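# Summary of the model geometry
For reference, the chains in residue letters:
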Amino acid sequence: ALPILEVAKGINRRFHYEYKSKRKFLGIPLVHINIGLGIYAAKGIIAKGNISKGLISLGIVSIGVLSFGVLALGMISIASIALGILVALGGIAIGTIAIGGLAMGVITLGGLSIGMYSLGGCSIASKIAIGDYASGHIAIGRTVKGVRTIIDTSPNGNFANITAAQIENLIKEEYPKLWNPIIHFMTMFF
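Residues numbered from 1 in each chain as written. Predicted model: local features only at pLDDT ≥ 70, side-chain atom pairs only at ≥ 80, totals over all residues. Heavy atoms only, no water.

## Regarding the overall build of the chain
Keep this limit in mind: To qualify as a helix, a DSSP run of H or I must reach at least 4 residues; to qualify as a strand, a run of E must reach at least 2; elements of each kind are numbered from the N terminus. Computation of the radius of gyration draws on C-alpha atoms alone. For the globule rule, the value is 2.2 Å times the number of residues to the power 0.38. Here the term buried applies to any residue with accessible area under 20% of the maximum for its type, exposed to any over 50%, and partly exposed to those in between, with areas from a 1.4 Å probe on protein chains only.
Within the chain, the secondary structure is distributed over two helices and nine strands. Helices and strands in the chain line up, N terminus first, as β-β-β-β-β-β-β-β-β-α-α. Radius of gyration (C-alpha) of the chain: 23 Å, far over the 16 Å computed for a compact globule of 190 residues. In terms of its C-alpha atoms, the chain occupies a principal-axis envelope of roughly 70 × 40 × 20 Å. Expressed as a percentage of the 190 residues in the chain, the buried residues total 36%.

## Comments concerning the side chain of Ser154
Quick reminder of the rule: Polar contacts, as used here, are pairs of N or O atoms within 3.5 Å; protein pairs need one atom able to donate a hydrogen and one able to accept it. Residues neighboring in sequence count only if both atoms are side-chain atoms.
Take Ser154: it is sitting in the loop between strand E9 (148-151) and helix H1 (164-174). Looking at Ser154, its side chain comes within polar contact range of the side chain of Asp152, at 2.7 Å.

## Description of the environment of Met104
Put simply, the rule is: Should any heavy atoms of two residues lie within 4.5 Å, those residues are counted as being in contact.
Inspection of the secondary structure puts Met104 in strand E5 (residues 41-130). For Met104, a relative accessible area of 33% puts it in the partly exposed group. In the structure, Met104 is positioned 21 residues away from Leu83 in sequence and 9.7 Å away in space, judged by C-alpha atoms. When near neighbours in sequence (up to four residues on either side) are disregarded, Met104 contacts Ala93, Ile94, Gly95, Ala98 and Ile114.

## Considerations on the packing of aromatic side chains
Put simply, the rule is: We call Phe, Tyr and Trp rings a pair once their centres come within 6.5 Å, taking the six-membered ring for Trp, and we label the pair stacked below 30 degrees between planes, edge-to-face above 60, and tilted otherwise.
Scanning the entire structure with this criterion turns up one aromatic pair. Between Phe159 and Phe190, the aromatic rings sit 5.4 Å apart at their centres with planes inclined by 85 degrees, giving edge-to-face as the arrangement. In this pair, Phe159 is assigned in the loop between E9 and H1 and Phe190 in the segment after helix H2 (180-187), connecting sequence segments 31 residues apart. Taking relative accessible area as the criterion, Phe190 reaches 29% and is therefore assigned partly exposed.

## Observations concerning the nonpolar core
The following threshold applies: Residues grouped as a nonpolar core are buried Ala, Val, Leu, Ile, Met, Phe, Trp, Tyr and Cys residues, joined through side-chain atoms within 4.5 Å.
By size, the foremost hydrophobic cluster in this structure holds 19 residues, and its most contacted members are Ile128, Ile130, Ile140, Ile171, Leu178 and Met186. Where this core is concerned, the elements lending two or more residues are E5, strand E7 (138-141), H1 and H2. With five residues, the single largest contributor to this core is E5. For Ile130, the contacting residues outside a window of four places in its chain are Ser118, Leu119, Gly120, Ser123, Ile140, Phe159, Ile167, Met186 and Phe190.

## A look at the pairing of E5
To keep things clear, this is the line we draw: DSSP-based pairing: two strands are paired if at least 2 bridges between them are found.
In this structure, strand E4 (residues 31-36) lies alongside E5, joined through four bridges in parallel fashion. The partner of Val31 across the bridge, within E5, is Ile46. Pairing analysis gives three bridges linking E5 to strand E6 (residues 133-135), with the strands arranged parallel. Looking at E6, one finds that Cys122 is bridged to Tyr133. As judged from the three bridges shared by E5 and E7, these two strands associate in the parallel manner. Each residue of the ladder has a partner; that of Ile130, found in E7, is Ile140.

What follows is the structure, encoded as structure tokens:
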């Protein structure tokens, strides 16, 4: 047995717990939990480990269809640093739809939002940017740079002088075939 290094009474620096379900799907355990002080990997349909891979994955580093962790990569990822093929939510979020402090993707919402369609404090977009600072083909905000712009002149900088109808009309003029859910996303706060 490994020597136990006590940091305080009852605390073991060699903590490790592992569970693998006996039921498997395509040779992979339905549930695999492998956690502890150190580097422990889990691989299962549902995986929980310091490093985890699974359909549903939870770990410090997590890879899966639905991933949660400090660093997560998946179809849908929720993490401090989230890389999502479809959706990413996190402090730093990169994905088709990205929501985070720093959001990068096609449709983005964040403090610093960079994408094709972006909402955020500082919004940079190739097509539509809405934010306090906005740069894009259509730019809406207090400080704007774009081909088509709407400037927020409200005294509190709360977009009180801009309506959803104004934004929708401008978007439809510039992008008449744009998918309605994107238009609704861009006008949801007005």
